[in-house]
Amino acid sequence: MSQKPKSRSRPSSQGEREPGGGGEEAPSTSRGPGGAASQRRAQASPAPGPRSQKQLELKVAELVQFLLIKDQRKIPIRRTDILRHVVGDYKDVLPELLRRAAERLEYVFGYRLVELEPRSNTYILVNTLEPVEEDAEVRGDQGTPTTGLLMIVLGLIFMKGNTIKETEVWDFLRRLGVHPDKKHLIFGEPKKLITEDFVRQRYLDYRRIPHTDPVDYELQWGPRTNLETSKMKVLKFVAKVHNQDPKDWPAQYCEALADEEARARPQPAGPSPATASAPTPAPVS
Amino acid sequence: MTDVHRRFLQLLMTHGVLEERDVKRLQKHCYKVHDCNATIEKLEDFINNINSVLESLYIEIKKGVTEDDGRPIYALVNLATTSISKMASDFAENELDLFRKALELIIDSDTGFASSTNILNLVDQLKGKKMRKKEAEHVLQKFVQSKWLIEKEGEFTLHGRAILEMDQYIRETYPDAVKVCNICRSLLIQGQSCETCGIRMHLPCVAKYFQSNSEPHCPHCNDYWPHEVPEVFDPEKERETGQLQQTLSLLSWDHPGPADPTRPLQHCAGPFLTKVFLPQGPCPCCGEHLPQVCQFRIPGPSGFYSDVYCDSPI
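Residues numbered from 1 in each chain as written. Chains lettered and ligands numbered in written order. Predicted model: local features only at pLDDT ≥ 70, side-chain atom pairs only at ≥ 80, totals over all residues. Heavy atoms only, no water.

1. Things to note about the sheet that holds strand S2 (residues 111–115) of chain A
Two orientations exist for strands paired in a sheet by backbone hydrogen bonds: parallel and antiparallel.
Residue and element names in this part refer to chain A.
Part 1 of the reasoning: Pairing in this open sheet of three strands is antiparallel, and the strands run S1-S3-S2 from one edge to the other. This sheet does not close on itself; its edge strands, each paired only once, are strand S1 (77–78) and S2.
Part 2 of the reasoning: Pairing between S2 and strand S3 (residues 122–127): five bridges, direction antiparallel. Directly across from Tyr111, in S3, lies its bridge partner Asn127. (Pairing = 2+ DSSP bridges. Helix = DSSP H or I, 4+ residues; strand = E, 2+ residues; numbered from the N terminus.)

The following block contains the structure:
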């Protein structure tokens, strides 16, 4: 991304749209609800060097776009990447930038910026909007067919007690016509998908089991899975595949219920992107 | 800003550029999901409302018009940076440089088109990893697929998406070579020009300006306008063909074909089976024989539904 902030111009598009708002140079921070809040912000925040509100706003805009693009590939975003590619010499205000970016992402797009694991300094975006089947018809990218395979593996892991050996996974998948060594028409290379791609995206954890001969690995849910879905949702998926009710698996159902209750309880120190020391003023409008 | 707007934005972002009728369909879908009973706001106001919130992020949903047939299109564009930054995340350094070279040839050309040969001849000058001509041909096709370039008979021009996104960048980088439409004053890549005084106009601008004028004259020098005046784009006429295209696009496989919803399912009866499936028989466009397959829609953890096909023939 370009590091040179240029003044905002509104080139007249070929449509009939009138240039709305003014072509003003100063950023309009008081637009919409919360105008008072932004005024409070302007008064309360100390001037960290010669940085204007507009410069900060531009940095937040860059950061938001960076996070959106990075998350598209489902690879967790590292704090170091953020520092290197976007923030640069605004390093001292990184917590504030992250806080504002997180607020914008949630308010404008409905994505919550969360830390993958406490103190991991990597982040993902979690959708606050529930997916709806008809979304698929208006999307531009048709999801990814590989997600189907992921759901099957996640379901398998949960139903088998939250951990499963790799050999068991292939025993199961072979029956569906998915083999580790054969290229699949839809899923491409299943072995690479399961043991590399999904792991890199943090949907799965893939660990070697010590003292096994031949070497075997175990698969578990990765941190992203717990943030993006839940045991109950996966159980419902499995039940639907079998045309049964989730309660037909009492052990898993109880576990899923307990998980739901734990989620409903307010988090004591929820994962937050900003590890700022100073108390932050009211959120940006 | 409500969930209607958020879902709209999320789904709009999955498209690089979207035609107006699909934008309206998307808006209708978002209303249906969140707020069934509310009256659907006029698209222009709906988008202006979203844009007023996007302003603080230096992005906007920009409306444009395709240069060849005057269709209204929308894209989410970046206002703050003036570069080809949106492409930067999807392409390698040498691929981006190939695009820049093609862009320059297109802007310098008289017709707004650059020939494949001329672009490929510049392959040795690219920054980054060395690229062979064969590879460059693939990269050019990637640009066409992701709607940055349009190909016509071996020549390339800018897609409406690129014009919307890179307007500012182009004006700043090529201030002398840039052409502008005499009517709407916007950036012009393809268009018609007066043979006497040289002014240029977009095809849709020509269509509107000379509408129902049997003897068109150049607005600048008043000389007889020698070119064929195209038809003004009519969204109503498009709707009929649009519905057929929509049905075809739902059945995306390699070959679109008409759906036959009355045919009963005989194969997979899984719970995620969607109603759409392909009939057996020859493909209407190329004649190749199509197998009969079932389509499943499986929910994913992060909000995607993925479409999977069973490939066993029925």
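Let us keep going from here.
2. Overview of the UniProt feature "domain: Phorbol-ester/DAG-type" (unreviewed entry) in chain B
Part 1 of the reasoning: Those residues carrying the UniProt feature "domain: Phorbol-ester/DAG-type" (unreviewed entry) are residues 166–218 of chain B in this numbering.
Part 2 of the reasoning: Counting secondary structure, residues 166–218 of chain B comes out at 28% helix and 15% strand; the distance between its end C-alpha atoms is 29 Å. (UniProt positions renumbered as here; feature names shortened; annotations may be inferred.)

3. Thoughts on the environment of A:Lys59
All names here are of chain A.
Part 1 of the reasoning: Examined against the element boundaries, Lys59 turns out to sit in helix H2 (residues 53–72).
Part 2 of the reasoning: Placed 31 residues apart in sequence, Lys59 and Tyr90 show a C-alpha to C-alpha distance of 8.4 Å.
Part 3 of the reasoning: At a separation of 2.7 Å, a polar atom in the side chain of Lys59 contacts the main-chain carbonyl oxygen of Val86. (Polar contact = N/O pair within 3.5 Å; in protein donor to acceptor, adjacent residues only side chain to side chain.)

4. Here we look at the sheet that holds strand S4 (residues 164–165) of chain A
Residues and elements named next belong to chain A.
Part 1 of the reasoning: On the basis of which strands lie adjacent, the open sheet formed by three strands has the order S4-S6-S5 and antiparallel pairing. Both edges of this open sheet fall to S4 and strand S5 (204–209), since each of them pairs with a single strand only.
Part 2 of the reasoning: Sheet topology places S4 next to strand S6 (residues 216–221); two bridges connect them, and they run antiparallel. Bridge assignment links Lys165 to a residue of S6, and that residue is Glu218.

5. Some remarks on the confidence of the model for chain A
Close reading of the predicted structure is inappropriate where its pLDDT is low.
All names here are of chain A.
Part 1 of the reasoning: With 75% of its residues at a pLDDT of at least 70, chain A reaches an overall mean of 78.
Part 2 of the reasoning: Confidence scores differ between elements of chain A, with helix H1 (residues 35–44) showing the lowest mean pLDDT of 45 and S6 the highest of 95.
Part 3 of the reasoning: Taken together, the stretch residues 1–47 has pLDDT below 50 and engages in 84 contacts with residues farther than four places along the chain or on a different chain.
Part 4 of the reasoning: This model gives residues 274–285 a pLDDT under 50, and the stretch forms 23 contacts once residues within four places in sequence are excluded. (pLDDT = per-residue confidence, 0-100. Contact = heavy atoms within 4.5 Å.)

6. Description of the nonpolar core
Part 1 of the reasoning: With 47 residues, the main nonpolar core has A:Ile82, A:Phe109, B:Phe8, B:Leu54 and B:Ile61 as its most contacted residues.
Part 2 of the reasoning: Among the elements that line this core, the one with the most residues is helix H4 (residues 94–109) of chain A, at eight residues.
Part 3 of the reasoning: Residues in contact with B:Phe8, not counting those within four places in the same chain, are B:Val23, B:Leu26, B:Gln27, B:Cys30, B:Phe46, B:Ile50 and B:Ile61.
Part 4 of the reasoning: Ranked by size, the runner-up nonpolar core spans 32 residues in total, among them B:Leu96, B:Ile107, B:Ala114 and B:Ile170. (Core = buried A, V, L, I, M, F, W, Y, C linked by side-chain atoms within 4.5 Å. Buried < 20%, exposed > 50% of the residue type's maximum accessible area, 1.4 Å probe, protein only.)

7. Comments concerning the pattern of salt bridges
All names here are of chain A.
Part 1 of the reasoning: Counted under the stated rule, the structure contains 34 salt bridges over all chains.
Part 2 of the reasoning: Residues Lys74 and Asp71 are paired through a salt bridge, measuring 3.4 Å at the closest nitrogen-oxygen approach. When sorted by exposure, Lys74 lands in the same class as Asp71, which is buried. (Salt bridge = Lys/Arg side-chain N within 4 Å of Asp/Glu carboxyl O.)

8. Let's talk about the UniProt feature "domain: RING-type" (unreviewed entry) in chain B
Part 1 of the reasoning: UniProt records the feature "domain: RING-type" (unreviewed entry) at residues 181–222 of chain B, using the numbering of this structure.
Part 2 of the reasoning: For residues 181–222 of chain B, the helix share is 17%, the strand share is 14%, and the end-to-end C-alpha distance is 16 Å.

9. Observations concerning the side chain of A:Glu115
All names here are of chain A.
Part 1 of the reasoning: Counting through the fold element by element, Glu115 comes out in strand S2.
Part 2 of the reasoning: Put simply, Glu115 is tucked away with no salt bridge, and the nearest opposite charge, on Arg79, sits 5.9 Å away.
Part 3 of the reasoning: A distance of 3.4 Å separates the side chain of Glu115 from the backbone nitrogen of Arg119, its partner in a polar contact. (Lys, Arg positive; Asp, Glu negative; His and termini not counted.)

10. A look at the pairing of strand S2 (residues 59–65) of chain B
Residues and elements named next belong to chain B.
Part 1 of the reasoning: Burial within S2 is extensive, with seven of its seven residues counted as buried.
Part 2 of the reasoning: The alternating pattern of S2 places Ile59, Ile61, Lys63 and Val65 on one face and Glu60, Lys62 and Gly64 on the opposite face, and all of these are buried.
Part 3 of the reasoning: Here S2 folds back onto strand S3 (residues 72–78) in antiparallel fashion, the turn holding six residues, of which Gly70 has a positive phi close to 70°.

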